[in-house]
Amino acid sequence: MIPPTMKAVVLTGPTRAEQVALAECPVPQARPGWVLVKVKAFGMNHSEQILRLHEIQAEYIQKPVIPGIECVGEIADPSDSRFQKGQRVAAMMGGMGRSFHGSYAEYALLPAHHVFSVSSSLPWEELAAVPETYFTAWGSLFEGLNLKPGDTLLVRGGTCALGYAAIQLAKALGCTVVATSHKESKLPLLHGADKAVLDTGRLEGTLSGVTKALELVGPKTLCDTLRCVEKGGIVCHTGILGGMFTLNGFDPIKAIPNGVYLTGFHSNWPTQKAVDDIFAFLVEYRLTPCLGRCFAFSHIREACLALDSGTVNGKIVVKMPE
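Criteria and cut-off values
- Residues numbered from 1 in each chain as written.
- Predicted model: local features only at pLDDT ≥ 70, side-chain atom pairs only at ≥ 80, totals over all residues.
- Heavy atoms only, no water.
- Helix = DSSP H or I, 4+ residues; strand = E, 2+ residues; numbered from the N terminus.
- Rg over C-alpha atoms; globule rule 2.2 N^0.38 Å.
- Buried < 20%, exposed > 50% of the residue type's maximum accessible area, 1.4 Å probe, protein only.
- Contact = heavy atoms within 4.5 Å.
- Areas by Shrake-Rupley, 256 points an atom, 1.4 Å probe, with all protein chains shown as cover.
- Lys, Arg positive; Asp, Glu negative; His and termini not counted.
- Charge placed at Lys NZ, Arg CZ, Asp CG, Glu CD.
- Pairing = 2+ DSSP bridges.
- Axes fitted to C-alpha atoms, helices over the stretch in contact; angles between N-to-C directions.
- Right-handed = clockwise from strand over helix to strand, strands pointing away.
- Core = buried A, V, L, I, M, F, W, Y, C linked by side-chain atoms within 4.5 Å.
- Parallel < 35°, antiparallel > 145°, perpendicular 65-115°, else oblique.
- Nonpolar A, V, L, I, M, F, W, Y, C, P; charged D, E, K, R; others polar.
- Arc of directions from axis to C-beta.

Each helix and strand counted, the chain has eight helices and 15 strands in total. A globule of 322 residues ought to have a C-alpha radius of gyration of about 20 Å, and the chain, at 20 Å, matches this closely. Counting only residues that meet the buried cut, the chain has 54% of its 322 residues in that class. Within the chain, contacts between residues separated by at least 24 positions form 71% of all contacts whose residues are at least 6 apart in sequence. When the accessible surface of the chain is totalled, it reaches about 14300 Å², and 53% of it is carbon and sulfur. Each charge class in the chain can be summarised by its mean position, and for the 29 positive and 29 negative side chains these summaries are 2 Å apart.

Here we have six strands laid out as an open sheet, ordered S10-S9-S8-S11-S12-S13, and parallel in their pairing. With one partner strand each, in any of the chains shown, strand S10 (195-198) and strand S13 (261-264) form the two edges of the open sheet. Between one strand axis and the next, the sheet turns by 20° as a mean value, whatever way the strands run. Pairing between strand S8 (residues 152-156) and strand S9 (residues 176-181): four bridges, direction parallel. Within S9, the position partnered with leucine 153 by the bridge is valine 177. Across the sheet, helix H3 (residues 131-144) touches S8, strand S11 (212-215), strand S12 (234-237) and S13, and the angle it forms with S12 is around 150°. Along the sheet face, helix H4 (residues 161-173) touches S8, S9 and S11 and points at about 165° away from the line of S9.

What follows concerns the pairing of strand S14 (residues 291-296). One ladder, built from five bridges, connects S14 with strand S15 (residues 315-319); its direction is parallel. The residue bridging leucine 291 from the neighbouring strand is lysine 315, located in S15. Handedness of the β-α-β unit built from S14, helix H8 (residues 300-309) and S15 comes out right-handed.

So, on to the nonpolar core. Within the largest apolar cluster, 52 residues are counted, with the highest numbers of intra-cluster contacts made by Tyr134, Leu141, Leu153, Leu169 and Leu214. Looking at this core, the elements that each hand over two or more residues are strand S5 (88-92), helix H2 (124-127), H3, S8, H4, S9, S12 and helix H7 (272-284). When residues in this core are grouped by element, the largest group, nine residues, is from H4. The contact partners of leucine 141, leaving out residues within four places of it in the chain, are Asn146, Leu147, Leu153, Ala166, Leu169, Ala170 and Leu214. With 48 residues, the next largest nonpolar core counts Leu11, Leu51, Phe100 and Phe297 among its residues.

As a packed pair, helix H1 (residues 46-53) and H8 sit with axes 10 Å apart at the nearest point and diverge in direction by 100°. For the element pair H1 / H8, the angle class is roughly perpendicular. Judged by residue contacts, His46, Gln49, Arg52 and Leu53 of H1 engage Cys304, Leu307 and Asp308 from H8. Residues belonging to the contact of H1 with H8 are distributed by class as follows: three nonpolar, two polar and two charged.

What follows deals with the pairing of strand S1 (residues 5-8). As a general feature of sheets, a regular strand has side chains that alternate between the two faces. Side chains of S1 alternate between two faces, with Met6 and Ala8 buried and Thr5 and Lys7 left unburied. Note: S1 against strand S2 (residues 23-26), four bridges, orientation antiparallel. Its bridge partner lying in S2, threonine 5 is registered against proline 26.

This part covers H8. Listed in full, the buried residues belonging to H8 are Ile300, Ala303, Cys304, Ala306 and Leu307. Along the axis of H8, the buried residues cluster in a sector spanning 160°; they form a single face. Where the residues of H8 are buried, they touch strand S3 (34-43), H1, S14 and S15. Remark: glycine 310 follows H8 within two positions and exhibits a positive phi of approximately 70°.

Below, the structure written as C-alpha cells:
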C-alpha cells in the first residue's frame, strides 16, 4: 500500500547543512513514462552540496526541489514501463534532484529510462554505494581512458568516494595505481594504490611511467596532470574537487603536450548494459563497494554535515527504515 504522504528534504533556497530537515509532502503519482520507486537507500554526492549551497539559486532549477541524484529501491508503481512491482532497481542522473524531484525522499517519481534493474543480493546500504560513483569510475576508466591491464594509472584526488572506486577497479584489472591527496594525513587512506603521493599542486617531473590519468581535482590541476603522462598517454577529466569549474584562457595547443590525449566523462547517460557490466565485474573480482559511513534517513542533517565537512572517507549512504 502506497501512503498518501512521505518524508522528504525539500529545498526552496540556499540551505546550509545544519538547516536541513525532513518535511511532510505528498507521495507523487505515477504517470506514463515514469515509475514510482520506494527508496531504500541513496548515496550522497558533492554535486548535491553544490546544489544546496549555491546552484539552487539558478533559474533552471525547478523550486521547490527534492535533491538527490541517485538511489536504490523497489518499484512501487511501474506505470506503463517494463518493470514489475517490487523489482529491485537503481536510478541515477538524467535530471534527478534538479529538473525534477530526486532521492532525498521515501518515494521518488523517476523517468523509466533512467531506472535500471539490479540483480544483486548486496544489502541496501552497500548497493547504494554503487550507482553514480561506480558508473562514473567505470565510464572514466573504460570509456574515457580505455584502461587496460598493465597500464599505470594516476588518480589525482584519490581520497574521495570516486577515487577509492577507481583505485579498486583498476587494481582488480591488473593496473599499477598511483594516487594522490593534498592532505598528508590522508595518504594512509590510499593503501589500495601501489603508491600514495602528496599533491603539492605541481607533480610534473615527479612521476614516471604514467600511461593513463584520472583527473578528479579538475581545472585547478589539469594542465599539470597533462604533463605527468607519457607520450601516447590519456588524461580523463571527470572531477571538480579543486573548486575551480572552468579553465579560462585555456590554450589547447600549448597546454596539451604533443602526443598526449585529453578526454572527459559526464555521467548523465547511464545505460542498463553499463549497470549490468559493473555488477558483473564486482562479482567476478569479489569486490565490496567502498562504503564510508551509513546514516539513517532520520539523521539526514548529520549526513549533510558530514558531506560538507569532508570528514567521511568513502561514500556516504543514507538508509531508509525497514
